[in-house]
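Spelled out, the chains give:
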Amino acid sequence: MTLWPTIAAAISAATGRPFSALTQHAVGGGCINQSYVIADRNQQYFVKLKDVAIEEMFAAEAEGLQALAASGAICVPMPICWGIHDETAYLVLEHLPFGRGKSDSADRLGAQLAALHRHTAPRFGWHRDNTIGATPQLNTPCDDWLEFWRERRLGYQLKLAAQRGCGATLRTKGERLLDGVASLLQNHAPAAALLHGDLWSGNYAALTTGQPVIFDPAVYYGDRETDLAMTELFGGFSPRFYAAYRDHYPLPDGYALRRQLYNLYHVLNHFNLFGGGYAAQAERVIDQLLSEIH
């Protein structure tokens, strides 16, 4: 059986409705996966494809989407099925009709993200590791946020950066920062909130009804400020989004400094994925953070 009939059979089994992949057309889906919309005369689905080594990444993404959906706070594309065929891993998702959004879509996103962050767990992390982009993301549960962020987030990315050849200066400054993280997070005791984990503008859209949708998550339980920080790293979110979020869930003092600390994780990850000028950007952020440590 070839790929598309295999996927169609898996969809039929998962949904209980007969489906044949009569048409398949490629669509934009980021730099990591190949993406397609497949359809018959009555149904259509969004499909991600990658080499078989990524199967666990797709399984973790599906579980993350299920966790976000179970919160009832915000819309996500529901995972239908996932698996492998020969040397190809696949993930099938609900196909949603994205549009231009409505005038209040940003307000709704802010309010719904705040509602998502009200869902908390006893410990930081998650029951399984997943990925941030194509990089492994370590989610071993931990009672202490400082330890979690220092060891499973910054420490891990700095280790990968050293392996990638980031240079001695960045490594040395990174080690100093790890020693000083306690000062930057002093007296900050966040709840372990349910997070999207990779919330940049490319992972947000709106339905034709205006309903916000978030997708491509890197789910775990952590400081809700990390999601907010990520939205600010590359831009693309309106002032109305931030105002609505704060109206529903105000941020504590000190967020502006912690935002830099949290976004350093993503800058380092971009260096580890793409190289280039991200090492210099990471070093500038580390310099700013080190200047705040007393």
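Anything mentioned here points back to the structure above.
Report follows, based on the coordinates. Remember, predicted model here, so these are calculated numbers, not experimental data. (Residues numbered from 1 in each chain as written. Predicted model: local features only at pLDDT ≥ 70, side-chain atom pairs only at ≥ 80, totals over all residues. Heavy atoms only, no water.)

### Digging into the overall build of the protein
- The number of helices and strands found in the protein is nine helices and 12 strands.
- What you see for the protein is a C-alpha radius of gyration of 20 Å, in line with the 19 Å of a compact globule of 294 residues.
- Dimensions of the protein along its principal axes, counting C-alpha atoms only, are 65 × 45 × 35 Å.
- For the protein, restricting intrachain contacts to residue pairs at least 6 apart in sequence, the fraction spanning at least 24 positions comes to 67%.
- Looking at the protein, you have 24 positive and 29 negative side-chain charges, and the mean spots of the two groups are 4 Å apart. (Helix = DSSP H or I, 4+ residues; strand = E, 2+ residues; numbered from the N terminus. Rg over C-alpha atoms; globule rule 2.2 N^0.38 Å. Contact = heavy atoms within 4.5 Å. Lys, Arg positive; Asp, Glu negative; His and termini not counted. Charge placed at Lys NZ, Arg CZ, Asp CG, Glu CD.)

### Brief notes about the pattern of salt bridges
- Summed over the entire model, instances satisfying the criterion amount to 12 salt bridges.
- In this structure, Arg128 and Glu56 form a salt bridge, with 2.6 Å as the shortest nitrogen-oxygen distance. Of this pair, Arg128 sits in the loop between strand E6 (120–121) and strand E7 (130–132) while Glu56 is found in helix H2 (residues 55–71), placing the two residues 72 residues apart along the sequence.
- You can call Arg128 buried: its relative accessible area is 17%. (Salt bridge = Lys/Arg side-chain N within 4 Å of Asp/Glu carboxyl O. Buried < 20%, exposed > 50% of the residue type's maximum accessible area, 1.4 Å probe, protein only.)

### Structural notes on the packing of aromatic side chains
- Tallying each qualifying case throughout the model produces 14 aromatic pairs.
- Between Phe241 and Tyr242, the ring centres sit 4.8 Å apart and the planes meet at 70°, which makes this aromatic pair edge-to-face. Accessibility assignment for this pair places Phe241 and Tyr242 in one class, buried.
- Note on Tyr245 and Tyr249: the rings are 6.3 Å apart at their centroids and 15° apart in plane angle, and the pair reads as stacked. (Phe/Tyr/Trp six-rings, centres within 6.5 Å; stacked < 30°, edge-to-face > 60°.)

### Quick word on the environment of Ala205
- Structurally, Ala205 is set in strand E10 (residues 204–206).
- Taking the C-alpha atoms as reference points, Ala205 and Leu65, separated by 140 residues in sequence, lie 15 Å from one another.

### Comments concerning the side chain of Lys173
- Mapping Lys173 onto the fold places it in helix H5 (residues 168–184).
- For Lys173, a relative accessible area of 17% corresponds to the buried category.
- Within polar-contact distance, the side chain of Lys173 engages the side chain of Asp287 at 3.0 Å. (Polar contact = N/O pair within 3.5 Å; in protein donor to acceptor, adjacent residues only side chain to side chain.)

### A short note on the sheet that holds strand E1 (residues 23–27)
- Sheet architecture is open: five strands sit in the order E1-E2-E3-E5-E4, paired in antiparallel fashion. Each edge of the sheet is formed by a strand with only one pairing partner; in this case those strands are E1 and strand E4 (79–85). Recorded for the sheet is a direction-independent mean angle of 25° between the axes of neighbouring strands.
- Bridging between strand E2 (residues 34–39) and strand E3 (residues 44–51) involves six bridges; their strand directions are antiparallel. What sits directly across from Tyr36, in E3, is Val47.
- Against the sheet, H2 touches E3, E4 and strand E5 (88–94), its axis set at about 15° to E5. (Pairing = 2+ DSSP bridges. Axes fitted to C-alpha atoms, helices over the stretch in contact; angles between N-to-C directions.)

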